[in-house]
Amino acid sequence: MKLCEYLKESTVYLDGGMGTLLQAEGLAPGEFPERWNVTHPDTVTKIHRDYYDAGSNIVCTNTFGANILKFSKDELDKIIGAAVANARRAAEQSHSAQEKWVALDIGPTGKLLKPYGDLDFEDAVAVYAETVRLGVKHGVDLIFIETMNDSYETKAALLAVKESCELPVFVSNAYGEDGKLMTGASPSAMVAMLEGMGADAIGINCSLGPRALASVAKEYLKYASVPVILKPNAGLPRAVGNKTVYDVLPDEFAEDVSELIAKGVRIAGGCCGTTPDYISALVSASKNITPVPVKKKDITLVSSYTHAVVFDLAPVLIGERINPTGKKRFKDALRAGDIDYILREGIAQQEKGVHILDVNVGLPEIDETRMLTEVVCELQAILDLPLQIDTSDPVAMESALRRYNGKAMINSVNGKKESMEAVFPLAKKYGGLIVALTLDEDGIPETAEGRVAIAKRILAEAKKYGIDKKDIIFDTLAMTVSADTNAAKETLRALGTIRRELGANTSLGVSNVSFGLPSRDTINGTFFALALNEGLSAAIMNPYSHEMMKTYYAYRALAGLDVNCSDFISFAEKEPATATVAVPVVEKPIREDKSEYGSELQRAVVKGLKDIAAQLTAEMIRRVPPLTVVQEHIIPALNTVGIGFENKTVYLPQLLMSAEAAKSAFEVIKSEMSGTHSADKCAIVIATVKGDIHDIGKNIVKLLLENYGFAVTDLGRDVEPERIVKEVVRLHAPIVGLSALMTTTVPYMQETISLLRRDAPWCKIIVGGAVLTKEYSSAIGADAYGKDAMEAVRLAMDINSALSKE
């Protein structure tokens, strides 16, 4: 039976952990478990067979880290071939009678993608594609992408699968205690992107136990129209002697997961710390639970790398200002390649309260494909708002959609045959909410009925491509009333009909209605109110327009969408009554509210504007001593972002871009001081321990420590314990930072700590990594545990402060 058919009527059981079982069989700390497919095939086969015998329907090949960054192409081919053969042999040898499939297991590369790391998106796609092609060559039944903690890398992996084969693909992400991925994505954001790209099942694995992941699973169940996966750890790890054990036993694990199966989870298994006993207990506990049908959710979502925007009762505001139409300064910026101007415009609109940014860079004299893709990537590097990609060029649209991190709005398609043939395949491949203009080969119909008829044809054609109504939003085209007094009335009538009779979402470029008239703001605000009354879902609008924003906040208060009218009151308090005087809509300079920042430099660092931070620093040090610039402007900005990160209002990408902006400011200061400015805090040695090639966390900590003035010696990854100790002794470093991502490498961390205690007893040891907890860290002898990069910095600051007092 085909897997997807089986899944419609049955709960599918996955396998459990692999690494800890291989360790129990003799896998050495730091040894690549994937090589055991070739060197110890019988051991790997037995583990797979035990999972099948326990009731697993799907066993994942022992290929979690199998990619061309770790292995040569020839060795990778041998490893994946052997891994698939081992799993196939296990299925044949198993005595259980359930349906069985073999999944190619794919994990993260261990690298951050640009702009936060050094791995290019297309290079990541190529890495994953090579692994997928070999898995298909050797006969797997499906692809299982798992333990992804970054939305962008997840997209790269899924895109590689979709472009390399037609097998079913499951995608599972690793969430932290805050219910977010490491780089900030919420569950609804991942549902939007992954479902939009065509994943066959999506969900959660690793990090935590089933109870801790329950809220994440429920959010998936709320939004997902595809089967939901749950593959939790056996709780949290702790050290008992020289062994790592987990705090959730099989029966408790089975009970907790079964409760979520009863709520709708359709694919379940285990991750770190789970064994065949866990899977057997789970199958036994849940075998009588009737699978909950997977229902289509008619929820319209777009997303950025952090969050989703839901098109529901509350109107969505789309900022229109990143568009050259009628904006001389913006055109000049595009011609000059002045990306900073565009970034400042995006930030300013975000601060005015828009939910989505429209991005249009279309000028005949520039390379739109290159510019649109660059602007989308640069905006996403510093802003967490979803974007509306606005172009009539399908090549530029595909290029931008491919690099977009999330599920974008696509502006636009229309009723012309060639338009739908160009845009719908892109939306199907990359996902997106399509803005559909109600015009066709005959132009824009004068009547509402004509526009509704086009909307129906667009829906019918979209259905042929497998695109649901929830992923189309209709623009009934606001025309200027100065040319046709019935224009606004017909636009509104078409909008209301599409909303009520077709049940589709609607959007308008509101300000078009007032072209050629005085007091345009007054016309726009009133037209916006009328459109909202007809059920307008989203408005492409000027967020600097007081009338538009006043209408928006007043409507939400009157429609019962603003609890205690708190947002309206806040808006009214910020905007004096005198501001309600109507003014013409003209191109205005970018408005920047600096009230919450001590200076423009602080704002540039907080917002992650590297070039502007460097420019402002160069200007400031002409009149302010360089060290004053550091202490009163740069460090306070870093502290602002750090506090936001710790409070979960700022996420890792923003933290990194802020650190890069601070770094660019520091470079200016160092240059001005002719190299005399150096680290003013103690020395720190950092390393990823032997056997572990993952250095994302270490690199983030290094960047932040350097910005805070520490003298950092980075020994890299896969570092021998003796080398770490030797460097600490040579520098007499008072602090060492050790990182480990994999359970199989924690013993080397413990060995390193033991050697440090013997040869460098003065040194304080801070450890971090996904497999560690505070208790676990204490048990292996560390002084402190940094749960994230900012906490590691705080710990180092405390130690440095104590040293300075001695």
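Everything discussed here concerns the structure shown above.
Residues numbered from 1 in each chain as written. Predicted model: local features only at pLDDT ≥ 70, side-chain atom pairs only at ≥ 80, totals over all residues. Heavy atoms only, no water.

Turning next to the overall build of the protein chain. If you tally the helices and strands in the protein chain, you get 30 helices and 25 strands. Compactness check: the protein chain gives a C-alpha radius of gyration of 28 Å against a globular reference of 28 Å for 806 residues, within 12% of the reference. For the protein chain, the spread of C-alpha atoms along the three principal axes comes to 85 × 75 × 50 Å. Split into buried and exposed, the 806 residues of the protein chain put 60% on the buried side. Residue pairs in contact within the protein chain that sit at least 24 positions apart in sequence constitute 75% of those at least 6 positions apart. Computing the positive centroid from 87 side-chain charges and the negative centroid from 106, the protein chain places the two 1 Å apart. (Helix = DSSP H or I, 4+ residues; strand = E, 2+ residues; numbered from the N terminus. Rg over C-alpha atoms; globule rule 2.2 N^0.38 Å. Buried < 20%, exposed > 50% of the residue type's maximum accessible area, 1.4 Å probe, protein only. Contact = heavy atoms within 4.5 Å. Lys, Arg positive; Asp, Glu negative; His and termini not counted. Charge placed at Lys NZ, Arg CZ, Asp CG, Glu CD.)

In terms of burial, strand β23 (residues 735-739) is a largely internal element, five of the five residues being buried. Note: strand β21 (residues 683-688) against β23, five bridges, orientation parallel. Following the sheet pairing, Thr 688 is matched in β23 by Ser 739. Alignment of β23 against strand β24 (residues 764-768), held across five bridges, turns out to be parallel. Within β24, the residue paired with Gly 737 across the bridge is Ile 766. For the segment spanning β23, helix α28 (residues 746-759) and β24, crossover handedness is right-handed. (Pairing = 2+ DSSP bridges. Right-handed = clockwise from strand over helix to strand, strands pointing away.)

Turning to the packing of helix α10 (residues 250-263) against helix α11 (residues 276-286), a few remarks are in order. Put simply, α10 and α11 touch, their axes get as near as 8 Å, and they point 45 degrees apart. It follows that α10 is oblique to α11 by the angle criterion. Judged by the twist between their axes, the crossing of α10 over α11 is right-handed. Between α10 and α11, the contacting residues are Pro 250, Asp 251, Phe 253, Ala 254, Val 257, Ser 258 and Ile 261 on the first element and Asp 277, Tyr 278, Ala 281, Leu 282, Ala 285 and Ser 286 on the second. Counted by class, the contact of α10 with α11 contains nine nonpolar, two polar and two charged residues. (Axes fitted to C-alpha atoms, helices over the stretch in contact; angles between N-to-C directions. Parallel < 35°, antiparallel > 145°, perpendicular 65-115°, else oblique. Left-handed = near helix turned anticlockwise from the far one by under 90°. Nonpolar A, V, L, I, M, F, W, Y, C, P; charged D, E, K, R; others polar.)

Attention now moves to the packing of helix α4 (residues 41-54) against α11. Following both chains from N to C, one finds α4 and α11 inclined at 15 degrees, their axes separated by 8 Å at the closest point. One element, α4, and the other, α11, form an angle in the roughly parallel class. Crossing of α4 against α11: the hand is right-handed. Across the interface between the two elements, Asp 50, Tyr 51 and Ala 54 from α4 touch Pro 276, Ile 279, Ser 280 and Val 283 from α11.

On to the pairing of strand β19 (residues 505-509), then. With five of five residues buried, β19 lies mostly within the body of the structure. Where burial is concerned, the two faces of β19 agree: the one with Asn 505, Ser 507 and Gly 509 and the one with Thr 506 and Leu 508 are both buried. Here three bridges tie strand β18 (residues 472-475) to β19, and the two strands are oriented parallel to one another. Paired with Phe 474 across the two strands is Thr 506, which belongs to β19. Crossover handedness for the path β18 to helix α18 (residues 487-502) to β19: right-handed. Bridge count for β19 against strand β20 (residues 538-541) is three bridges, and the pairing is parallel. If you follow Leu 508 over to β20, its bridge partner there is Ala 539. What joins β19 to β20 is helix α19 (residues 520-533), and the crossover it makes is right-handed.

Moving on, we come to the packing of aromatic side chains. Tallying each qualifying case throughout the model produces ten aromatic pairs. Taking the centre distance of 6.2 Å and the plane angle of 70 degrees together, the rings of Phe 330 and Tyr 341 count as edge-to-face. One end of the pair, Phe 330, is in helix α12 (residues 328-336); the other, Tyr 341, is in helix α13 (residues 339-351), and eleven residues separate them in sequence. Of the two residues, Phe 330 and Tyr 341, both sit in the buried class. Measuring from centroid to centroid gives 4.7 Å for Tyr 553 and Phe 571, while their planes differ by 20 degrees, and the two rings are stacked. A residue pair is termed long-range when its members are at least 10 positions apart, and Tyr 553 in helix α20 (residues 546-558) and Phe 571 in helix α21 (residues 566-574) qualify at 18 residues. Each of the two residues, Tyr 553 as well as Phe 571, counts as buried. (Phe/Tyr/Trp six-rings, centres within 6.5 Å; stacked < 30°, edge-to-face > 60°.)

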